[in-house]
Each structure stands twice: as C-alpha cells, then as structure tokens.
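Below are the chains, spelled out letter by letter.
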Amino acid sequence: MYDKEKFKGVLPALLTPFDKNDKVNAKSVDKLVKYNLAKGVNGFYVGGSTGEGLLLTKEERMDLFEYAAAANEGKSTLIAHVGTICTSHAIEMAKAAERLGYDAISAVAPYYYGFTPQQRKQYYYDIASSVDLPMIIYNFPAANGFNLDKGTAEEMFAHNDKFIGIKHTTADLFALQQFKTMKADPIVYNGFDEMFVGGLSMGADGGIGSTYNFMAEKFIGIYNAFRSGDIAKACAIQTEANEIIALLIKYGVFASEKYILDCLGIEMGPCRKPFLPLSEEGRTVLAEVAKQFAKA
Ligand code: MN9
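Residue positions are given per chain, counting from 1 as you read along its sequence in written order. At least 70 in pLDDT is required for a residue's local features to be given in this predicted model, at least 80 for side-chain atom pairs to be given and counted, and no such filter applies to totals for whole chains, interfaces and linings, which use all residues. The side-chain values count all of the structure's non-hydrogen atoms but skip hydrogen atoms and water molecules.

Participant: Which residues make up the pattern of salt bridges, and what are the values?
Facilitator: The term salt bridge refers to a pairing of a side-chain nitrogen on Lys or Arg with a carboxyl oxygen on Asp or Glu at a separation within 4 Å. Inspection of every chain in the model, using the stated rule, returns 17 salt bridges. Between Lys39 and Glu217 there is a salt bridge; the shortest N-O distance is 2.8 Å. Within this pair, whereas Lys39 is found in helix α1 (residues 26-39), its partner Glu217 is found in helix α9 (residues 212-227), the two being separated by 178 residues in sequence. Residue Lys58 pairs with Glu59 through a salt bridge whose shortest N-O separation is 3.1 Å. Type-normalised accessible area, obtained with a 1.4 Å probe on protein chains alone, sets the label of each residue: buried when under 20%, exposed when over 50%, and partly exposed for intermediate values. A relative accessible area of 42% means that Glu59 is categorised as partly exposed. In this structure, a network of salt bridges that share partners links the residues Asp22, Glu60 and Arg272. Each helix is a run of DSSP H or I of at least 4 residues and each strand a run of E of at least 2, with the numbering of both proceeding from the N terminus.

Participant: Provide a residue-level description of the packing of helix α3 (residues 87-99) against helix α4 (residues 117-130), including the pertinent values.
Facilitator: Here α3 crosses α4 at 25 degrees, and the two axes come no closer than 9 Å. The orientation of α3 relative to α4 falls into the category roughly parallel. Taken as a pair, α3 and α4 cross one another with a handedness that is right-handed. Two secondary-structure elements touch here, α3 through Thr87, Ala90, Ile91, Ala94 and Lys95 and α4 through Tyr123, Asp126, Ile127 and Ser130. Angular values range over 0 to 180 degrees, each being the angle between N-to-C directions of two axes fitted as lines to C-alpha atoms, with helices fitted over their stretch in contact. An angle counts as roughly parallel when it lies under 35 degrees, as roughly antiparallel when it exceeds 145, as roughly perpendicular when it falls between 65 and 115, and as oblique in every other case. Here a crossing is called left-handed whenever its near helix is offset anticlockwise from the far helix by less than a right angle, and right-handed whenever the offset is clockwise. Only heavy atoms matter for contacts: two residues are in contact if any of them lie within 4.5 Å across the pair.

Participant: Summarise unusual backbone geometry; cite the residues concerned and give the values.
Facilitator: The residue after Lys273, namely Pro274, is reached through a cis peptide bond having omega 10 degrees. On the secondary structure map, Pro274 appears in the loop between α11 (253-263) and α12 (280-290). You will see that Tyr112, though not glycine, has its phi angle at about 80 degrees, which is positive. With respect to the helices, strands and loops of the structure, Tyr112 is situated in the loop between β4 (104-108) and α4. We classify Tyr112 as exposed; its relative accessible area is 70%. Backbone geometry at Asp185 places phi at a positive 45 degrees, although glycine is not the residue there. Take Asp185: it is sitting in the loop between α7 (173-180) and β7 (187-190).

Participant: Kindly report on α9, identifying the contributing residues and their values.
Facilitator: What a helix is expected to span follows from its residue count: subtract one and scale by 1.5 Å. Over its 16 residues, α9 extends only 18 Å from the first C-alpha to the last, a length that falls short of the 22 Å expected when each residue adds 1.5 Å. The quantity called bend is, for any residue, the angle between two axes fitted respectively to the seven residues ending at it and the seven beginning at it. Roughly 40 degrees is the biggest bend found in α9, and it falls at Lys218. Most of α9 sits out of view: 13 of its 16 residues are buried. Gly229 occupies a position one or two residues after α9 and carries a positive phi of about 90 degrees.

Participant: Give me α7: which residues, what numbers.
Facilitator: Of all the positions in α7, only Leu173, Ala175, Leu176 and Phe179 are classed as buried. Along α7, the residues classed as buried sweep out an arc of 155 degrees about the axis, all on the same side. At its buried positions, α7 is contacted by β5 (135-139), α6 (150-159), β6 (163-168), β7 and α8 (196-201). Directions are taken from the helix axis to each C-beta atom, and the arc is the one they span.

Participant: If you had to explain the site of the ligand to someone new, which residues and values would you point to?
Facilitator: Within the structure, the ligand sits among 13 residues, and Phe140, Lys167, Asp193, Glu194 and Ser210 are positioned closest to it. Pairs of N or O atoms within 3.5 Å make up the polar contacts considered here, provided that, within protein, one atom can donate a hydrogen while the other can accept it, and that residues adjacent in sequence are counted only when both atoms are side-chain atoms. Contacts to the ligand include Glu194, whose side-chain N or O atom sits 2.5 Å from an oxygen atom. A distance of 2.7 Å is found between an oxygen atom of the ligand and a backbone nitrogen or oxygen belonging to Ser210. In the shell around the ligand, the residues fall into six nonpolar, four polar and three charged. By convention in these notes, a residue is near a molecule or strand provided one of its non-hydrogen atoms lies within 4 Å of it. Side-chain classes follow a simple rule in which Ala, Val, Leu, Ile, Met, Phe, Trp, Tyr, Cys and Pro form the nonpolar group, Asp, Glu, Lys and Arg form the charged group, and the remainder, Gly included, forms the polar group.

Participant: Residues and numbers for the sheet that holds strand β3 (residues 77-81), please.
Facilitator: Taking strand neighbours across the sheet as the criterion, the eight strands line up as β1-β8-β7-β6-β5-β4-β3-β2 in an open arrangement whose pairing is parallel. Of all the strands in the sheet, just β1 (9-12) and β2 (43-46) have a single pairing partner and so form its edges. Each strand axis lies, on average, 25 degrees off the axis of its neighbour in the sheet, ignoring direction. Of the strands in this sheet, β4, β5 and β6 are in contact with α4, which crosses β4 at around 160 degrees. Across the sheet, α6 touches β5 and β6, and the angle it forms with β6 is around 150 degrees. Pairing between two strands requires that DSSP report at least two bridges joining them.

Participant: Hey, could you go over the packing of aromatic side chains for me, with residue numbers and the actual values?
Facilitator: By convention, a stacked pair of Phe, Tyr or Trp rings (six-membered ring in the case of Trp) has centres within 6.5 Å and planes under 30 degrees apart, an edge-to-face pair has planes over 60 apart, and any other such pair is tilted. On inspection of all chains with the given rule, the structure shows 13 aromatic pairs. With a centroid separation of 5.5 Å and 55 degrees between ring planes, the pair formed by Phe65 and Tyr102 is classed as tilted. Separated by 37 residues along the polypeptide, Phe65 in helix α2 (residues 58-72) and Tyr102 in the loop between α3 and β4 bring together distant segments of the chain. The exposure class assigned to Phe65 is buried, which follows from its relative accessible area of 0%. For Tyr102, a relative accessible area of 3% translates into the label buried. Cluster of aromatic residues (ring-pair linked, three or more members): Tyr45, Tyr138 and Phe140. Its guanidinium or amino end placed over the ring of Tyr45, Lys167 lies 5.2 Å from that ring's centre, counting from NZ or CZ. Counting as a charge over the ring demands two things of the Lys NZ or Arg CZ atom: a distance within 6 Å of the ring centre and an angle within 35 degrees of the ring normal.

Participant: Provide a residue-level description of the environment of Ile79, including the pertinent values.
Facilitator: For Ile79, the position within the fold is in strand β3. Setting aside chain neighbours within four positions, we find Ile79 in contact with Phe7, Leu11, Phe44, Tyr45, Val46, Tyr102, Ala104, Ile105, Ser106, Ile136, Tyr189 and Ile208.

Printed below as a string of structure tokens:
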C-alpha cells in the first residue's frame with residue numbers, strides 16, 4: 001500500500017537550531033536541510049531525540065515540521081516524530097505532519113509511568129488511526145524502558161497496515177535482524193551511527209542518525225559501498241566516522257554536532273536546558289574536526 005522504497009537510505013535525524021532568544025531558528029532549519037539535500041541524503045527525521053523534540057512544546061514541534069517541509073520543497077522523504085507521553089498531543093502533531101505533506105510519522109513509546117504493554121499498543125493504534133500516514137515505530141529502550149520484540153511488532157503490524165517500519169536505536173543487531181524476518185517485511189533503520197555497517201550487515205534498509213547532520217557524505221559513502229559489495233570500503237569509512245563519533249560522545253553528542261555546524265556556517269545555538277553548553281576543551285577539539293567538512 002505504501003511505497004517503501006522511498007524510505008530507504010540515509011536520513012539525518014535533523015538537529016533543531018535555536019536562536020539567541022531560544023526560539024526555533026527557521027532560517028537555520030532552511031540552511032541545514034538544504035546543506036544536506038545538496039549532499040544527497042534520502043530524507044529527514046524531524047523532531048526526534050536529536051531534534052530535542054521532547055524539549056519543544058507541541059506548537060514548536062509543529063512549527064519545526066513546517067520549516068523543514070518548506071526547506072525540503074518535496075525533494076526528499078520526511079518523517080515527523082510525533083511521539084510524546086500524551087496520546088492526544090501526539091495525534092495533534094500527527095495531523096499537522098499530514099497537513100504539511102509529510103511521508104510518515106514516527107513515535108517513541110510513552111514513557112515515565114511504566115505503561116502496560118496494552119496501553120503502549122493502544123497509544124500506537126490511536127496515533128496511527130488518526131491520520132492516513134504510515135507509522136514507523138521508534139524503538140529506543142534506553143530512553144523509555146520499553147524494548148520492542150519481534151512478537152509485539154508482529155502483533156502491531158498485523159493490527160494495522162499503516163505500520164511500515166521500525167527505527168531501531170539499540171545495539172541489539174540480532175533483534176534488528178529478527179524484525180527483518182517478519183511477514184510484514186518492515187523498513188528497519190539502524191539507529192546508532194557508530195554501528196551503521198553492522199546494522200546494514202544484519203539487514204537494515206538504511207539509517208537515521210544525528211551525526212549525519214554534518215557528515216552525511218560518510219554515511220552515504222558507507223551505504224553505497226555496502227550496497228555495491230565493497231565491504232572493506234564501508235568498514236574503512238565507518239572507522240573514520242567513529243573516530244569523530246567517539247569525540248562527540250566525549251563532549252556531548254548534540255551540543256558537539258551543533259558546534260561543528262556553527263563552525264561550518266550554520267547558526268545552531270546551544271541545546272536546550274537541562275543540556276549544558278559545550279566545554280571550552282570541546283570547542284577547541286571540535287573546531288579542528290569541523291575543518292574536514294564542507295562549509296555550508
Ligand atoms: O537518532 C541518534 N540517537 C540518539 C539517532 O541520539 C539517541 C544517534 O545518531 C546517536 O546520536 C549517535 C551517537 O551515539 O549514534
């Protein structure tokens with residue numbers, strides 16, 4: 001029913017730039033989207049963990065959806081992350097994404113209260129049935145304590161053919177491979193950039209990642225090398241990327257990525273509190289890293 005091909009490949013988990021007044025910076029969203037389109041990314045995942053989606057009000061997240069869609073001009077696949085703890089808020093954001101022409105919605109499982117499996121499933125069914133867009137489940141157990149397994153995924157995909165994919169943000173590549181054996185044949189995304197080759201080897205159809213925001217060329221390189229059977233090349237590029245990712249993890253992933261983009265000419269601002277600003281040491285080290293990437 002849905003064209004799954006357009007969901008494959010390399011999709012940055014779009015960072016959200018803030019201006020000096022802590023407002024979403026529409027101009028920088030435009031620049032960041034265009035910078036990545038020029039590199040040849042297949043789409044964007046908007047308002048997720050990387051985009052500090054859970055630190056935005058729902059109005060801000062819907063504004064962000066609008067800015068990203070305007071910048072994209074229909075050129076690539078757009079996935080709106082509408083997940084939050086409250087079902088009705090998620091539905092409101094899903095409807096906004098549909099109005100704005102998004103290709104799919106995605107959601108983390110509801111968190112904090114330790115919802116029962118039945119409550120979690122109902123949350124997904126309620127969101128999915130509120131719009132005509134397909135749904136990509138965001139499986140991120142470290143963030144919400146819910147680890148999607150193949151049996152549950154099968155049940156959810158059988159319930160409703162709007163479920164088309166899983167964004168798999170765990171190091172468990174066996175689980176990723178098991179999803180690919182489901183009858184529904186979901187699109188499965190690799191979620192940890194530092195294991196992209198691993199994810200592709202176990203069947204991932206592509207990746208959604210935060211580090212793609214400034215080094216998409218590396219992940220497009222890995223993807224193309226892997227698809228053409230040049231595994232040695234894919235691994236070599238992964239090693240280069242991981243040298244940088246180790247630094248991002250050391251200094252704080254999102255703040256580091258934003259600072260590198262600042263150095264490349266896109267004003268990203270800091271992350272929202274309670275994230276803390278990048279350290280002086282981090283700035284010095286990451287300004288050096290930025291020199292290997294094209295200016296925006
Ligand atoms: O969206 C990102 N996941 C999270 C994907 O931040 C939770 C990844 O791109 C990581 O930031 C990255 C660094 O660990 O792999």
